[in-house]
Amino acid sequence: MDVLPYLIVGAGITGLSLALRLEEEGKEFLLLEARAEAGGNIRSRTEDGFTYDLGPNTLLVRDPLVADQLQRLALDGIAANPLARRRFVLNRHKRLVALGPAALLGGKLLSPGARLRLLGEPFHARAAAEESVATFVRRRLGPEVLDWMVDPFVSGVFAGDPERLSVAASLPRLAQMEQEYGSLLLAGLRRKRPAMRSRLLSFAGGMQDLPRAAAAKLGDRLRCNEPVTAIIPVDRSWRVESRTGTLLAKRLFLCLPTDAIIRILPSTAQPLRDHLAEIEYPSVATLALGFPRTQVEHPLDGFGVLIPRRLGIPTLGALFSSTLFPRRAPDGQVLLTVFLGGAQEAIPQEEALLFRQALDDLSSILGIQGEPSFQRAQFWPRAIPQYNLGHSQRINAIDRLLRDWPGLSLLGNWRGGVALGDCIRRGWEAGQTAG
Ligand SMILES: Cc1cc2nc3c(=O)[nH]c(=O)nc-3n(C[C@H](O)[C@H](O)[C@H](O)COP(=O)(O)OP(=O)(O)OC[C@H]3O[C@@H](n4cnc5c(N)ncnc54)[C@H](O)[C@@H]3O)c2cc1C
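Residues numbered from 1 in each chain as written. Predicted model: local features only at pLDDT ≥ 70, side-chain atom pairs only at ≥ 80, totals over all residues.

Draft legend 1. Up close: the sheet that holds strand S7 (residues 87–90). Read from one edge of the open sheet, 7 strands run S8-S7-S15-S16-S17-S14-S18, paired in mixed fashion. The sheet terminates laterally at strand S8 (96–98) and strand S18 (374–380), the two strands that pair on one side only. Within the sheet, the average angular offset between the axes of one strand and its neighbour, ignoring direction, is 25°. Pairing analysis gives 3 bridges linking S7 to S8, with the strands arranged antiparallel. The residue of S8 that forms the bridge with Leu-90 is Leu-96. (Pairing = 2+ DSSP bridges. Helix = DSSP H or I, 4+ residues; strand = E, 2+ residues; numbered from the N terminus. Axes fitted to C-alpha atoms, helices over the stretch in contact; angles between N-to-C directions.)

Draft legend 2. Focus on the site of the ligand. Neighbouring the ligand are 37 residues; Gly-10, Gly-12, Gly-40, Pro-56 and Asn-413 lie closest to it. Of all the elements in the fold, those that place two or more residues in the shell around the ligand are helix H1 (13–24), helix H11 (258–264), strand S14 (284–292) and helix H16 (420–432). It is H1 that contributes the most residues to the shell around the ligand, 3 residues altogether. Classifying every residue of the shell around the ligand by side-chain character gives 23 nonpolar, 12 polar and 2 charged. (Near = placed C-beta within 6 Å. Nonpolar A, V, L, I, M, F, W, Y, C, P; charged D, E, K, R; others polar.)

Draft legend 3. Geometry of the pairing of strand S17 (residues 333–341). For S17, the tally of buried residues reaches 9 of 9 residues, placing the bulk of the element in the interior. Note that S14 and S17 share 9 bridges and pair antiparallel. Within the sheet, the bridge partner assigned to Val-284 lies in S17 and is Gly-341. Sheet topology note: the strand S16 (residues 315–319)/S17 ladder contains 4 bridges and is antiparallel. Directly across from Gly-317, in S17, lies its bridge partner Phe-339. (Buried ≥ 20, exposed ≤ 12 C-beta atoms within 10 Å, placed from the backbone.)

Draft legend 4. Summary view of the packing of helix H12 (residues 270–277) against helix H15 (residues 391–402). Interhelical geometry of H12 versus H15 gives an angle of 160° and a closest axis separation of 10 Å. As far as their axial angle goes, H15 and H12 are roughly antiparallel. When you trace H12 past H15, the crossing you get is left-handed. Contacts from Pro-271, Leu-272, His-275 and Leu-276 of H12 reach H15 at Arg-394, Ala-397, Ile-398 and Leu-401. A breakdown of the residues in the contact of H12 with H15 according to their chemical character gives 6 nonpolar, 1 polar and 1 charged. (Parallel < 35°, antiparallel > 145°, perpendicular 65-115°, else oblique. Left-handed = near helix turned anticlockwise from the far one by under 90°. Contact = placed C-beta atoms within 7 Å.)

Draft legend 5. Region of interest: the environment of Glu-33. Take Glu-33: it is sitting in the loop between strand S2 (29–32) and strand S3 (44–47). C-alpha separation for the pair Glu-33 and Ile-8, spaced 25 residues apart in sequence, amounts to 8.8 Å. With residues up to four places along the chain from it excluded, the contact list for Glu-33 reads Gly-10, Ala-11, Ala-38, Leu-222, Arg-223, Cys-224 and Glu-226.

Draft legend 6. Region of interest: the domain arrangement of the chain. Along its sequence, the chain is organised into domain 1 (3–44 + 205–280 + 388–432) and domain 2 (104–121 + 129–190). With 5 residues of domain 1 at the contact, the number on the domain 2 side is 8 residues. When its residues are assigned to classes, the side of domain 1 that touches domain 2 shows 2 nonpolar, 3 polar and no charged. (Domains from an automatic or database assignment.)

Draft legend 7. Quick peek at the sheet that holds strand S5 (residues 59–61). Within the open sheet, the 3 strands sit side by side as S5-S9-S6. Their pairing is antiparallel. Edge positions in the sheet fall to S5 and strand S6 (78–79), since each has one partner strand and no second.

Draft legend 8. Structural detail: the nonpolar core. Leu-7, Ile-8, Ala-19, Leu-31, Val-89, Val-133 and Val-338 are the most contacted members of the largest nonpolar core, which totals 122 residues. If you tally residues by element for this core, the top one is helix H6 (residues 143–158), at 7 residues. If you count residues domain by domain, this core takes at least three from each of domain 1 (3–44 + 205–280 + 388–432) and domain 2 (104–121 + 129–190). Once residues lying within four places of it in the same chain are set aside, the contact partners of Ala-19 are Ile-8, Phe-29, Leu-31, Leu-218 and Arg-221. (Core = buried A, V, L, I, M, F, W, Y, C linked by C-beta atoms within 7 Å.)

Draft legend 9. Representation of unusual backbone geometry. If you check the backbone angles, Ala-159 has positive phi at about 50° while not being a glycine. With respect to the helices, strands and loops of the structure, Ala-159 is situated in the loop between H6 and helix H7 (167–170). Unlike most non-glycine residues, Arg-236 shows phi in positive territory, near 60°. Structurally, the position occupied by Arg-236 is in the loop between strand S11 (228–234) and strand S12 (237–242). Residue classification places Arg-236 among the exposed residues on the basis of 9 C-beta atoms within 10 Å.

Written as structure tokens, this is what we have:
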């Protein structure tokens with residue numbers, strides 16, 4: 001049997017980016033994907049005049065490498081409405097407040113004591129050991145900033161629990177700012193100009209246009225409906241069992257969530273499995289809800305609304321999708337994308353209950369009357385990996401154990417950042433160093 005130089009398993013954005021890099025270098029490779037289409041959790045649909053995303057909704061482009069990738073795929077992207085800079089959060093009186101310096105210094109979000117405390121931020125000592133996001137924020141900025149600003153942000157991005165997320169692993173820039181400048185405030189004032197102006201994007205058919213374009217470029221080197229069932233090391237190569245047969249590869253890249261890696265690793269890799277199994281993934285449900293414009297009182301003039309966990313409202317938040325990007329809803333209608341679940345909330349398992357919960361929570365917040373004209377749901381049983389305390393040590397232990405398995409690389413959004421841009425960079429760099 002011929003030995004392939006490179007084999008990639010998993011055509012999410014990480015595996016696709018790695019494949020595009022190998023393609024650019026003229027390397028011979030195959031990319032195997034279990035599902036019928038590429039993209040992993042990037043999934044978009046158009047139905048009844050609504051274009052909606054079931055997974056990620058936006059791509060933040062602030063890395064020239066990501067911009068180059070889009071250019072290579074001839075994908076222009078649609079810039080988010082400038083109103084997207086306005087992000088609402090619910091305050092203790094359940095009123096919407098736009099986040100920003102005015103919210104920090106004005107009285108709508110924080111008490112006078114909490115605002116006074118912010119002035120002392122530069123005088124707090126640097127952390128000596130790994131801290132949770134909650135400990136870090138409480139120490140530097142005070143408990144109210146944690147409850148009313150950082151907790152909703154962490155729920156929105158990671159569906160996570162700030163008491164358990166590691167600040168160094170999940171928000172590395174914050175931890176670096178403290179270590180470098182001794183203060184977040186001073187770091188903000190002295191911050192160097194970024195390499196490029198950041199842009200928030202989607203595409204005409206939703207986020208899935210991105211993996212569709214990548215898949216078209218890869219042609220028959222991408223094989224869908226091809227779940228890998230086992231990998232076995234043999235004579236300095238890897239034997240890969242899939243639905244349709246067996247392949248041999250010199251270099252094998254698994255670009256998969258940790259549970260999928262655990263299922264196909266050889267039985268002798270138990271310590272590796274154990275470390276991978278320590279990375280938690282909470283469940284999330286994403287709902288696309290359409291309404292006639294006249295049924296929603298709020299002007300929806302922003303990115304969306306985040307709901308602090310302190311309020312006891314189960315819904316995590318909602319994006320104002322038809323404000324963010326054009327043609328997301330038919331004329332005279334609006335589209336919201338609602339998130340439930342995460343590390344701090346139990347989630348109803350029945351679709352009807354999910355819709356009921358979202359509507360109960362959002363009706364008074366956004367002034368919604370009546371039932372939606374359009375509704376779809378996606379349940380993500382293992383949505384987003386949590387970079388909890390000890391994450392960096394866990395990743396180091398995994399890398400040490402991998403030295404015993406030459407030719408095998410493990411990638412995915414469980415290391416190096418969960419944002420799409422991070423996954424694109426990680427895949428690309430893995431392809432670059434593939435040798
Ligand atoms: C609800 C939700 C909202 C999000 N919102 C955003 C957002 O707005 N912006 C943002 O930047 N990020 C967002 N993210 C995060 C981002 O979408 C992910 O981090 C990223 O898409 C992960 O890509 P991946 O390639 O690492 O993994 P995945 O997308 O999980 O891809 C893994 C692939 O491997 C395949 N596979 C699994 N097992 C096998 C097997 N045995 N054989 C072959 N193939 C296999 C799967 O089918 C899948 O296609 C969101 C995530 C979720 C879940």
